[in-house]
Amino acid sequence: MNGPENMLPNETSNGLENAAEEGDGRSVVPGGSGARTVTAVRGRLVWFCDDPFLVGTGAAMRHEKDGLLICVDGRIAYSGPYQDGIGRVPEGVKVVDYRHCVITPGFVDSHVHYTQVGMVASYGEKLINWLDKFVYPEGMKYSDKKYAEEGAELFCKELLRNGTTTALVFTSTYPHSVDVLFDRAAKYGMRIAAGKVLMDRNAPEALLDRSVEEAMEQTRGLIDKWHNKAGTRNVYAVMPRFPLACTRDMLTEAGRLWEEYPSVLMHSHIAENADEVFEGRKLFPECRTYLDVLDDHGLLRAGTVLAHGVHLTLGELDTCHRTGAAIAHCPTSNLFLGSGLFRLRDATTPSRPVTVGLATDVGGGTSLSMLTTMNEAYKVGALDGNPIDAVRLFYLATLGSARAMRMDHQIGSLQRGHEADFVVLDPRATPLLEKRTRTGDGSIEDVLFALALLGDAEAVEATYVAGRRVHQRGRKEEKATWSDFPFAWSRYDWKSGSWIPDQVVATTRGWRLPAIDAFAGGLHCVYNDPTDLLHWTVFTKKDDRPGTWSKPESLGVRSHASVALAPYHDLLYCFYSRDGKICWKSRDDQMAKPWGPEREIPGLSSQQPPAVTAYNDDLHVLAVDGERRMHWNTYHSSTGAWSGWEPWKDGNGDIVKGGWPSIAAYAGRLYVVYSPGADADVRWTARDPGGEWWRHRDLEGTAGTGQPRIAHYNGLLYAIGSWWESGKYQETWWAQQGVDVPEWTTPRSITQIRTGSFSGNGLTAYHGQLYTAYFTG
Ligand SMILES: [Zn+2]
């Protein structure tokens, strides 16, 4: 669909302008150690409480469409419906509004090499040659501590920019390469697992451990220094590179050391490449299988994370299941190095499931984005006849990886008590993503799939670590000010036959289509401010003097759609949808009096603004339900009663479907225009006084119009709208028709309006001229 009004219900993008101040975590209780840091964010929450490969997606996923997260001192204190939780937000804490975004647990990358950020995307080799030609030479540079520090800093920042809050990280054999990474992770407050690489053969001399004893001594020193130390979230992992690079002694001692420190992780590569497996079988002929090399040295149990596993046999997968060893699936790396296709279906089969996480494996992998990694995981699955759905992909990238790392009680979830690491994903991050998520069915499965397949770091609006925002997407982008535009108006001068250049009222700001109508000598306008609070302002013009707008005042209600106005029997009526209900207020012609109380038209749920006009002494309302079906209702002021909702049927007896209708009385008929769907022309019809509807026809040349409006002026009926293209409204068009020739003129651009209106144009006759009001894009 087109235009910002046509977004998913209840998804708005207000409140970003203050986000930097509000989202950084604020102490609400002054004073020393007793101070609590509280952060609250609102958005569409998704997380997992179980494994969808085992229990199905419905049972595994938690989804809160209008959700609230409250984080206290780095942990999640509340995650659930906004309405139920808002009362728990302490005074003084502002809720950061991400209602247009999806909030998931921070991504968990279960296998990545920070020492390879400098050689990622190096051309043309398979694993063994690639290690020799690119990885090891780059690795040697990390003997320089300063070089290592720069690499660690870049790596941590890039993880956060991509929404990754935890990673299991390969370093190099140099102990200081671990020091600098843990140091940077502590600086950002991230939960990072890493360890010194153990490697004593089949690599350049300068990279090898000089002895097994020294390697173990260094490892012990690092564990004592960093593992689970207060004030950090660092976790150590014992890291034999892979069987080909380790002697039996090294593997034996690594296994012993892990016995000594059972709370650390064990991380290695296995069965990535067919040549590797072949070489491994030759090097360890005494082992029954290649995986048994690790098992025989005490390196397989819960807490083991094995990167790749592409060429593991079914029997070896059985071993993983039996021992509790997990696999980190690295699809971009497996494709880039031509290693092969990991068989996720075999690994996750419910009869003997293996714990699987998702991983980038940069620099064998080609992106630090877990979204990009999901994209490639989908394709690897598709080649195996197993197209993985978005729910499972997001599971793998969050709770799945956390389980692989034995951290699922701490991270990978938005469940209360978990560490408050989360990522805010923007389904409107790019024009393509926006178009795609707007035209999709709006289900969470569809939005997640679009994000996975089309998203990357650009889709990451913000990243939070322990309740503190550590990354915010660049503000130069349009999205940051999506809801905040200056108000403008123009009018058509019948005598000169042209529109006056747009008049901007910069102090009045908002974004959705402003409704305008003439009433009691003034031009009334009701609009949504940047936070969707409804405001009204009145333009008054006398004689030939320039008119003035009154200071806007609040109606005291919020609506996540624009509104409709109509004068009827000495009152001005304002209709809007609020929380799915169709509501209205009215005011009389005494300017001093405010709007009356809110009333509801019961019986229909709608997230769109209804269309309204007075016709044949009744007030007619046309509204759109959740399935885009349209319904009529009429009201008579003498009885104060509604006739009840009637579905609007076309000539075939089918209920008319569409959105964003506008209705107007003209020449004794009731006219309707509406938007039938994305990229289709606006449709229109009219009802004769006898009650017969005309055939619905296209208003040709208006494809891409989100919200058309019609109004009667000076003997003709006018239509106005804006063409939506490339993620924004480009130009405003108008057309007209007369009584005798019920056909629209070809729509023409109003060139006097600079960029086209942002969300659509209000339209009405006032003071002998035709007025339009809009927010400038
Ligand atoms: Zn790797």
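In this convention, every chain numbers its residues from 1, walking through the sequence in written order. Reporting in this predicted model follows two pLDDT cut-offs: at least 70 for local features of residues, and 80 or more for side-chain atom pairs to be given and counted; totals over whole chains, interfaces and linings ignore these cut-offs and use all residues. Note: side-chain values were computed over all heavy atoms of the structure, leaving out hydrogens and water.

- Going by the annotation in an unreviewed UniProt entry, the name recorded for the protein chain is Guanine deaminase, with Marinactinospora thermotolerans DSM 45154 given as the source organism.
- UniProt positions are given in the numbering used here, feature names are shortened, and annotations may be inferred rather than shown by experiment. According to UniProt, the comment filed for the protein chain under the heading Pathway (unreviewed entry) is "Purine metabolism; guanine degradation; xanthine from guanine: step 1/1."
- Database annotation for the protein chain, UniProt heading Sequence similarities (unreviewed entry): "Belongs to the metallo-dependent hydrolases superfamily. ATZ/TRZ family."

1. Some thoughts on the overall build of the protein chain
Part 1: In this text, helices come from DSSP runs of H or I with a minimum length of four residues, and strands from runs of E with a minimum of two, each type numbered from the N-terminal end. A tally of regular secondary structure across the protein chain gives 18 helices and 44 strands.
Part 2: Along the longest, intermediate and shortest principal axes, the C-alpha atoms of the protein chain span 95 × 60 × 45 Å.
Part 3: Classification of residues uses two cut-offs on accessible area relative to the type maximum, computed with a 1.4 Å probe and protein chains only: under 20% is buried, over 50% is exposed, and between them is partly exposed. Burial status across the protein chain gives 60% buried among its 777 residues.
Part 4: Any two residues having at least one pair of non-hydrogen atoms within 4.5 Å are treated as being in contact. Within the protein chain, contacts between residues at least 6 apart in sequence are counted, and of these 65% link residues at least 24 apart.

2. Considerations on the packing of aromatic side chains
Part 1: Centres within 6.5 Å make a pair out of two Phe, Tyr or Trp rings, where for Trp the six-membered ring is used; the pair is then stacked when the planes are under 30 degrees apart, edge-to-face when over 60, and tilted otherwise. Under the counting rule described, the total for this entry stands at 47 aromatic pairs.
Part 2: Centre to centre, the rings of Phe-422 and Tyr-464 are 4.4 Å apart; their planes meet at 15°, and the pair counts as stacked. A residue pair is termed long-range when its members are at least 10 positions apart, and Phe-422 in strand β15 (residues 422–425) and Tyr-464 in strand β16 (residues 460–465) qualify at 42 residues. Across the pair, exposure class does not vary: Phe-422 and Tyr-464 are buried alike.
Part 3: Between the aromatic rings of Trp-489 and Tyr-771, the centroid separation amounts to 5.8 Å while the plane-to-plane angle is 20°, which identifies the pairing as stacked. Here the residue Trp-489 occupies a position in strand β18 (residues 485–493), and Tyr-771 occupies one in strand β44 (residues 769–775), the gap between them amounting to 282 residues.
Part 4: A relative accessible area of 8% means that Trp-489 is categorised as buried.
Part 5: Clustering of aromatic rings is evident, with ring pairs tying together Phe-487, Trp-489, Tyr-527, Phe-539, Trp-549, Tyr-766, Tyr-771 and Phe-775.
Part 6: Placement of a positive charge over a ring is assigned whenever Lys NZ or Arg CZ falls within 6 Å of the ring centre and within 35 degrees of the normal to the ring plane. Geometry around Phe-53 places Arg-392 over its ring, the cationic atom sitting 5.5 Å from the centre.

3. Some words on the sheet that holds strand β36 (residues 669–675)
Part 1: The rule for pairing is simple: two strands pair if DSSP sees at least two bridges between them. The sheet built from four strands is open, its strands ordered β35-β36-β37-β38 with antiparallel pairing. Both outer strands of the open sheet, β35 (659–666) and β38 (697–699), are each paired with one neighbouring strand and no more. Between one strand and the next, the sheet's axes are offset by a mean angle of 30°, whatever the strand orientation.
Part 2: Bridge analysis of β36 against strand β37 (residues 682–687) gives five bridges, and the strand direction is antiparallel. Along β37, the bridge assignment pairs Leu-670 with Arg-687. A fitted line through C-alpha atoms serves as each axis, taken over the contacting stretch for helices, and the angle formed by two N-to-C directions is quoted from 0 to 180°.

4. Notes on the nonpolar core
Part 1: Here, nonpolar core means buried Ala, Val, Leu, Ile, Met, Phe, Trp, Tyr and Cys residues that are tied together by side-chain atoms lying within 4.5 Å of each other. With 132 residues, the main nonpolar core has Phe-155, Ile-192 and Phe-394 as its most contacted residues.
Part 2: Examining the composition of this core, we find that nine residues originate from one element, helix α16 (residues 390–404), more than from any other.
Part 3: These domain limits were set by an automatic method or by a database of domain assignments. Each of domain 1 (35–105 + 412–477) and domain 2 (107–411) accounts for three or more of the residues forming this core.
Part 4: The residues contacting Phe-155, other than those within four sequence positions of it, are Val-112, Tyr-114, Val-117, Val-169, Leu-181 and Leu-368.

5. Here we look at the state of the cysteines
Part 1: To count as a disulfide, a pair of cysteine sulfur atoms needs to be within 2.5 Å. Applying the stated rule across the entire model yields zero disulfides.
Part 2: Here Cys-574 is not cross-linked by a disulfide; its sulfur's nearest cysteine counterpart is in Cys-525, at 10 Å.
Part 3: Residue class for Cys-574 comes out buried when judged on its relative accessible area of 0%.

6. Topic: the UniProt feature "domain: Amidohydrolase-related" (unreviewed entry) in the protein chain
Part 1: When the UniProt feature table is mapped onto this chain, "domain: Amidohydrolase-related" (unreviewed entry) is found at residues 102–470.
Part 2: Within residues 102–470, the helical portion is 43% and the strand portion 17%, while the C-alpha atoms at the span's ends are 17 Å from each other.

7. A short note on the environment of Glu-149
Part 1: Structurally, Glu-149 is set in helix α6 (residues 145–161).
Part 2: When its relative accessible area of 27% is taken as the criterion, Glu-149 is described as partly exposed.
Part 3: For the pair Glu-149 and Leu-181, spaced 32 residues apart in sequence, the C-alpha to C-alpha distance is 7.3 Å.
Part 4: Setting aside its immediate chain neighbours within four residues, Glu-149 contacts Val-180 and Arg-184.

8. Some words on the environment of Gly-658
Part 1: Looking at where Gly-658 falls in the secondary structure, it is placed in the loop between β34 (646–647) and β35.
Part 2: On the accessibility criterion, Gly-658 (0% relative accessible area) is buried.
Part 3: Once the C-alpha coordinates of Gly-658 and Thr-164 are considered, the two residues, 494 residues apart in sequence, prove to be 40 Å apart.
Part 4: Leaving out residues up to four positions away in the same chain, Gly-658 has contacts with Val-624, Arg-628, Met-630, Tyr-674, Ser-675 and Pro-676.

9. Some remarks on the coordination of the zinc ion
Part 1: With distances of 2.0 to 2.3 Å, the protein atoms coordinating the zinc ion are His-111 (NE2), His-113 (NE2), His-269 (NE2) and Asp-361 (OD).
Part 2: Metal sites are built from N, O and S donor atoms within 2.8 Å, or 3.2 Å for Na, K and Ca, and they leave out water, so they may look incomplete. Irregular is the label for any site that misses the other tests, which are tetrahedral for four donors with all angles between 85 and 135 degrees, and square planar for four donors or octahedral for six when opposite donors exceed 155 degrees and the remaining angles lie between 65 and 115. Between the four donor atoms coordinating the zinc ion, the angles at the centre fall across 85 to 172°, so the site counts as irregular.
Part 3: Taken in sequence order, the residues that donate to the zinc ion follow the motif H-x1-H-x155-H-x91-D. With a gap of 158 residues between them, His-111 in strand β6 (residues 107–113) and His-269 in strand β11 (residues 265–270) connect regions that are remote in the sequence.
Part 4: The class of His-269 is buried, set by a relative accessible area of 5%.

10. Comments concerning the pattern of salt bridges
Part 1: We define a salt bridge as a contact between a side-chain nitrogen of Lys or Arg and a carboxyl oxygen of Asp or Glu at a distance within 4 Å. Taken as a whole, this structure holds 41 salt bridges when the rule is applied.
Part 2: One salt bridge connects Arg-512 with Asp-532, and the closest N-O pair in it is separated by 2.9 Å. With a gap of 20 residues between them, Arg-512 in the loop between β20 (503–510) and β21 (515–519) and Asp-532 in the loop between β22 (522–528) and β23 (533–540) connect regions that are remote in the sequence. As far as the burial class goes, Arg-512 and Asp-532 line up, both buried.
Part 3: Linking Arg-578 and Glu-598 is a salt bridge whose minimum nitrogen-to-oxygen distance equals 2.6 Å. Highlighted residues: Arg-578 in strand β27 (residues 571–578) and Glu-598 in the loop between β28 (581–587) and β29 (599–605), separated in sequence by 20 residues.

11. Section: the domain arrangement of the protein chain
Part 1: According to the domain assignment, the protein chain contains domain 1 (35–105 + 412–477), domain 2 (107–411) and domain 3 (485–775).
Part 2: Using only C-alpha atoms to locate each centre, domain 2 and domain 3 end up separated by 59 Å.

12. What about α16?
Part 1: Two axes enter the definition of the bend at a residue: one is fitted to the seven residues ending there, the other to the seven starting there, and the bend is the angle between them. Leu-396 marks where α16 bends most, by close to 50°.
Part 2: Among the 15 residues that make up α16, 13 are buried, leaving the element largely enclosed by the rest of the structure.
Part 3: In protein, a polar contact requires one atom able to donate a hydrogen and another able to accept it; more generally it is a pair of N or O atoms within 3.5 Å, and residues adjacent in sequence count only if both atoms are side-chain atoms. Sitting at the head of α16, Asp-389 places a side-chain oxygen 3.1 Å from the backbone nitrogen of Val-391.
Part 4: Looking one or two residues beyond α16, the residue adopting positive phi is Arg-406, at roughly 55°.

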